[in-house]
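# Coordinate analysis (summary)
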Amino acid sequence: MAPLPLPIAAITSPHPSKSHDAPAPAPRPSASSLHAALASLSQQHAHAHDGGALRDAFALVARAERRSSPAAAVSVGPEVYASLLQCCVASGSLRAGRQVHAALVKRGPYYCRNAYAGTKLAVFYARCGALADAERAFGAIPERGRNAFAWAAVIGLWSRAGMHARALDGFAAMLEAGVPADNFVVPTVLKACAGIALARAGRAVHGYAWKAGIAECVYVMSSLVDFYGKCGQVEDARAVFDAMPERTVVSWNSMIMAYIHNGRIDEAVELFYEMRVEGVLPTRASVLSLLSASAELEAVDGGRQGHAVAVSSGLAIDVILGTSMINLYCKVGLVEAAEAVFEQMEERDIVTWNLMIAGYFQDGQIDKAFETCRRMLETNLKFDCVTLASIIMACVKYCSMMVGSAAHGYAVRNDLDSDRTVACGLIDLYACTGRIEHARQVFNAMSQRDPVVWKVMISTYADGGMSSEALKLLDQMQLEGMSPTAACWDSVISAFVRNGQFKDALGIFDQMLLTKTRPNLRTWSLLISGLSLNGMHQEVRNLCCKMQEVESAPSPTIYSAVVFAAKTAASVHSGKAIHACIVKKGLLLSRSVIQSLLKMYSGFNDRVTTDSLVRLLAECSK
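Since we're looking at a predicted model, the values are computed, not measured.

## A few points about the layout of surface pockets
Here the idea is plain: a probe the size of a water molecule rolls over the atoms and shows the empty space left. By volume, the largest pocket amounts to about 560 Å³. What lines the largest pocket is a set of 20 residues, and nearest its centre among them are V123, R127, F149, A152 and A153. Every element with two or more residues in the lining of the largest pocket is listed here: helix 3 (78-91), helix 6 (115-127), helix 8 (148-160) and helix 10 (185-195). Looking at side-chain class alone, the lining of the largest pocket contains 10 nonpolar, six polar and four charged residues.

Here it is as structure tokens:
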């Protein structure tokens, strides 16, 4: 906010001044010249942003107030304060605007309930993001005095604040009050519709815009492209985009973002190319969006196009843009390209360093990774949880206890050892070097443990052949009020299966069924493949019956997985038992299940059943 400018002079009485109180005669500006002077000062501040124009505006109004009287050539009426508020809007000074508001209130109801001044107040508070103040100012305007500007201000503020339903209610109230929406209100309402994915409401607003004759406004059409894109209706977005008589860079960005938002990176890249052919320079925001989406989808061509556009458009490779490029190149394995961008950057933040360090580690360039760590510390930046996690993961991969112990020490000294990612990495590090007791110490030192940490420690015991310790920890987890995830149960079941303790594995599975946690694909596959490999066909049949009870809404994926488990175990008995379950559950019409059965029976050399399934698959394909 700008500093508080010169205060408004004490408010004079609205009654006629006595003769001995009258100021000495002096030239007085006219009302029109006063408004023109304030408008000029407002424009000056919009360009200069130095606060001087706002102070001059306050001083000008203060002088006018001192000269104001019923006989004066100029009267400081509500419109003057509204013009002064416009200066506050230009400066964004909430404190100065509140001072003007206070002056209006002191002047009395004629001033503070003036529709024009009230509208300016609502617009001012909305521009400053002062939600409660804007609502109060709007509420103080007489209903018949609420024009499109006042409605647009509060509806826009509600939408920007994420109160999309309220913005739509305001739009309905505005129309009910007989105030037509203009090309400033409609884009805001479309943004609200997109915010809560109300596609039908947005289409209705589109229809309203056509009837109101504003549907071909470039701002409205750009908002429609954005709305349809966010609601997943890309073809409609493109239809509006193609129908635009003129396009701004915002229009192009909206259509590009519509493609990106819906995962159509190739079309976004193609539109980028068209945009450049037509001589429209992409903005930083559109390039960043393309880079981010390309990184998420690991679409290297889209990322390279974004990089090329940034360079050809003369965009500076600052921290945000450079970091986005490094993130993309590291994700797709082009570490040398990431390194080139990294070295070009004049300024880097901790995210930039972390991405480059992680990229080197993932590419196996350990020396460069540690050298980058050293360079990072030399810039007076400290390692954070992400940096340490990368270092510890590399130590796990290469079983490097010397560096790992140093990383553990750094984590303890800097209070980072309770971070989940760091702690899980340390547990894995000590587990891979056989130091289970050290892993347990890291686990015990954590003040708060979430299911992920419990799962890592349970898996550490299970993978180390300490199934009884894993079971104890599973029990402790439940005693402490934490519900084990399916992955926690799977770790213990897996340990017992590997050790040949099948009764214990089935006992743990029965315990799992008593909780709210449902078995997943791995649970069923672990048990069926383990039992099948050891010739326990009756137990497999019992398990299949249990699966029919538990999976009330059976997923073809689960049955495909257990069929694969039976095939892997080369158990004809188990396979036929699972086949019977599938028939009872009515899943023999699923192509994925039939294909899984085909592969299983082909492995068993059962030509009769295979031929029958081939015919069934052909019928399903019709």
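From this point on, the discussion continues.
## So, the packing of aromatic side chains
Each pair of aromatic rings is reported with the distance of its centres and the angle of its planes. Following the criterion strictly, the structure yields 11 aromatic pairs and no others. A centroid spacing of 5.9 Å and a plane angle of 90° characterise the contact between F171 and Y208, whose relative ring orientation is edge-to-face. On the criterion of sequence distance, the pair formed by F171 in helix 9 (residues 164-176) and Y208 in helix 11 (residues 199-212) is long-range, its members being 37 residues apart. The exposure class assigned to F171 is buried, which follows from its relative accessible area of 9%. Arranged with centres 5.1 Å apart and planes meeting at 80°, the rings of F241 and W252 form a pair that is edge-to-face. Of this pair, F241 sits in helix 13 (residues 234-243) while W252 sits in helix 14 (residues 249-261), and the two are 11 residues apart along the sequence. A single burial state applies to F241 and to W252, both of which are buried. Its end group placed over the ring of F241, R247 keeps NZ or CZ at 4.1 Å from the ring centre.

## Details of the pattern of salt bridges
Summed over all chains, the structure comprises 21 salt bridges. Here K230 makes a salt bridge to D226, at a shortest N to O gap of 3.3 Å. Pair noted here: K230 and D226 are both in helix 12 (residues 218-230), with a separation of four residues, about one helical turn. Taking the relative accessible area as the measure of exposure, K230 reaches 44% and is therefore partly exposed.

## Thoughts on the UniProt feature "repeat: PPR" (unreviewed entry) in the protein
Following the UniProt record, one finds the feature "repeat: PPR" (unreviewed entry) at residues 248-282, 318-348, 349-383, 450-484, 485-519 and 520-554. Secondary structure within residues 318-348 divides into 74% helix and 0% strand; the distance between the first and last C-alpha atoms comes to 8 Å.

## Remarks on the confidence of the model for the protein
Scored by pLDDT, the protein comes out at a mean of 81, with 88% of its residues at no less than 70. Between residues 1-29, whose pLDDT stays under 50, and residues either more than four places distant or in other chains, the model counts 40 contacts. Predicted confidence for residues 70-74 stays below pLDDT 50, and this span has nine contacts to residues more than four positions away or in other chains.

## Here's the deal with the packing of helix 22 (residues 385-398) against helix 24 (residues 420-432)
Orientation of helix 22 relative to helix 24, taken along the N-to-C sense of each, is 15°, at an axis distance of 9 Å. Classified by the angle their axes make, helix 22 and helix 24 are roughly parallel. With respect to the hand of their crossing, helix 22 and helix 24 are arranged in left-handed fashion. Along its contact with helix 22, which presents C385, L388, A389, I392, C395 and V396, the element helix 24 presents T421, V422, G425, L426, D428, L429 and C432. For the contact of helix 22 with helix 24, a count of residues per class yields 10 nonpolar, two polar and one charged.

## Brief notes about the environment of S418
Here S418 shows up in the loop between helix 23 (401-413) and helix 24. Separated by 28 residues in the primary sequence, S418 and M446 place their C-alpha atoms 5.2 Å from one another.

Analysis parameters
- Residues numbered from 1 in each chain as written.
- Predicted model: local features only at pLDDT ≥ 70, side-chain atom pairs only at ≥ 80, totals over all residues.
- Heavy atoms only, no water.
- 1 Å grid on protein atoms, 1.4 Å probe; cavity = no way out; pocket = protein on both sides within 12 Å on 5 of 7 lines; lining within 4 Å.
- Points joined across faces, edges and corners; volume = space filled by probe spheres on them.
- Helix = DSSP H or I, 4+ residues; strand = E, 2+ residues; numbered from the N terminus.
- Nonpolar A, V, L, I, M, F, W, Y, C, P; charged D, E, K, R; others polar.
- Phe/Tyr/Trp six-rings, centres within 6.5 Å; stacked < 30°, edge-to-face > 60°.
- Buried < 20%, exposed > 50% of the residue type's maximum accessible area, 1.4 Å probe, protein only.
- Lys NZ or Arg CZ within 6 Å of the ring centre and 35° of its normal.
- Salt bridge = Lys/Arg side-chain N within 4 Å of Asp/Glu carboxyl O.
- UniProt positions renumbered as here; feature names shortened; annotations may be inferred.
- pLDDT = per-residue confidence, 0-100.
- Contact = heavy atoms within 4.5 Å.
- Axes fitted to C-alpha atoms, helices over the stretch in contact; angles between N-to-C directions.
- Parallel < 35°, antiparallel > 145°, perpendicular 65-115°, else oblique.
- Left-handed = near helix turned anticlockwise from the far one by under 90°.

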